[in-house]
Amino acid sequence: MERVSLSDSVELSRIIYGMWRLADDTDTSTKHVQAKIEANLSQGITSMDQADIYGDYESEALFGKALAAAPHLKDQIEIISKCDIALVSDKYPDRRVKHYDTSSTYIVSQVETSLKLMDVEALDVLLLHRPDPLMDAGDTGRALDMLVEDGKVKTIGVSNFKPWDISLLQSRMSTPICTNQIEISLLAHEALTNGDLAFAQEHQIAPMAWSPLAGGSLFNGSNAKVQAALADMAEAHNCSTSQMAIAWLLAHPADILPVMGSNNLDRIAEFGGAMDISLSREDWFVLYEAALGQEVP
Ligand SMILES: NC(=O)c1ccc[n+]([C@@H]2O[C@H](COP(=O)([O-])OP(=O)(O)OC[C@H]3O[C@@H](n4cnc5c(N)ncnc54)[C@H](OP(=O)(O)O)[C@@H]3O)[C@@H](O)[C@H]2O)c1
């Protein structure tokens, strides 16, 4: 598995495993969570994507329990986590509205909770989960720098940020913003043309793609053209349709890191195979045309 350097101290696997759906699995036992981690590790997928809010604030704790039961796994993985979304939840009975909070006090407190739940000394990557209209960039930037100085976080990134959001925050902090996790898939390909991937390449900000299989929508009835094109291309390359959908992202010159979300051990075992698929320019455009629903202008 290819490795991608985000900083002097952090390298990630090119394919990342996302834990948004961990608590939705019918089996949330420690043993099964470990089996999913190991199914990733056996392919060299070492980077695990978390967030404070995943599973209604339960996912980091589930992951933490699995790591506590098999502490040797901690040395083999990198942990990405996020904060700033505040959910209305039974866990916060006084909260009246879903909102964002990028205040220094909130960010530091959420990071400290994440470290405690997963029982690790530092997050490899901390992402601000969503741009916050009330972000005081000076306050937020100082808090992020401080988390790095204090050794609680190794690198800083963002998620769902537009180029102007990144520029503003970067102007108020010295730690380089090293990644932006955004939605990219054959069914959500706006980042290819709206400036998000162009900005990432210009500023050497590694783009992570969330929901690279469109959250499973690539496999249901409503996208017949894309499904047919994927199936044909997969057959021609002797691979599965999900591997082909990942390979389409990997072929982009921005060096996209797909963040995969399956809870199914057989599907997880297939992820790494996408790295071996080589798409020609025309193959890539066949899938892009299907995604656009028409030929390029
Ligand atoms: N930063 C953000 O704002 C943000 C937002 C969303 C997600 N994320 C991150 O991105 C990660 C991945 O997101 P995602 O889970 O939506 O990714 P995804 O890989 O696009 O979708 C995973 C879903 O697709 C289903 N699926 C996969 N292969 C399938 C197949 N061959 N047939 C039918 N269904 C199939 C999976 O079901 P099975 O479990 O049954 O395989 C699962 O429900 C998350 O875990 C999270 O870490 C970040």
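What you are looking at is a predicted structure, and each value in this text was computed from that prediction instead of being measured.

Asks: Just to check I follow, could you spell out the pairing of strand β5 (residues 78-83) for this structure?
Replies: A regular strand places its side chains on the two faces of the sheet in alternate fashion. Within β5, six of the six residues are buried, which leaves the element mostly enclosed by the surrounding structure. Relative to β5, strand β4 (residues 47-49) runs parallel, the two being bridged by three bridges. Of the residues in β5, the one forming a bridge with D49 is I80. In the sheet, β5 pairs with strand β8 (residues 123-128) via four bridges, with the strands oriented parallel. For S81, the partnering residue across the bridge sits in β8 and is L126.

Asks: Mind showing me how you'd approach the packing of helix α4 (residues 104-118) against helix α5 (residues 137-149) here?
Replies: When two helices pack together, their arrangement is given by the angle between their axes and by how far apart the axes lie. Close contact between α4 and α5 brings their axes to 8 Å; oriented N to C, the two are set at 30°. On the basis of the axis angle, α4 is roughly parallel to α5. The handedness of the crossing between α4 and α5 comes out as right-handed. Contacts between α4 and α5 involve S104, I107, V108 and V111 from the first element and D139, T140, A143, L144 and L147 from the second. Looking at the contact of α4 with α5, its residues break down into six nonpolar, two polar and one charged.

Asks: What should I look at first to understand the site of the ligand in this one?
Replies: In the neighbourhood of the ligand, 27 residues make up the surrounding shell, with R21, D49, S211, S262 and R267 lying closest. Contact between the ligand and G216: an oxygen atom at 3.2 Å from a main-chain N or O atom of the residue. One of the side-chain nitrogen or oxygen atoms of R267 is found 2.7 Å away from an oxygen atom of the ligand. In isolation the ligand offers 920 Å² of accessible surface; the protein chains occlude 85% of this area. Each residue belonging to the shell around the ligand can be placed in one class, and the counts come to ten nonpolar, twelve polar and five charged.

Criteria and thresholds
- Residues numbered from 1 in each chain as written.
- Predicted model: local features only at pLDDT ≥ 70, side-chain atom pairs only at ≥ 80, totals over all residues.
- Heavy atoms only, no water.
- Buried < 20%, exposed > 50% of the residue type's maximum accessible area, 1.4 Å probe, protein only.
- Helix = DSSP H or I, 4+ residues; strand = E, 2+ residues; numbered from the N terminus.
- Pairing = 2+ DSSP bridges.
- Axes fitted to C-alpha atoms, helices over the stretch in contact; angles between N-to-C directions.
- Parallel < 35°, antiparallel > 145°, perpendicular 65-115°, else oblique.
- Left-handed = near helix turned anticlockwise from the far one by under 90°.
- Contact = heavy atoms within 4.5 Å.
- Nonpolar A, V, L, I, M, F, W, Y, C, P; charged D, E, K, R; others polar.
- Near = heavy atom within 4 Å.
- Polar contact = N/O pair within 3.5 Å; in protein donor to acceptor, adjacent residues only side chain to side chain.
- Areas by Shrake-Rupley, 256 points an atom, 1.4 Å probe, with all protein chains shown as cover.

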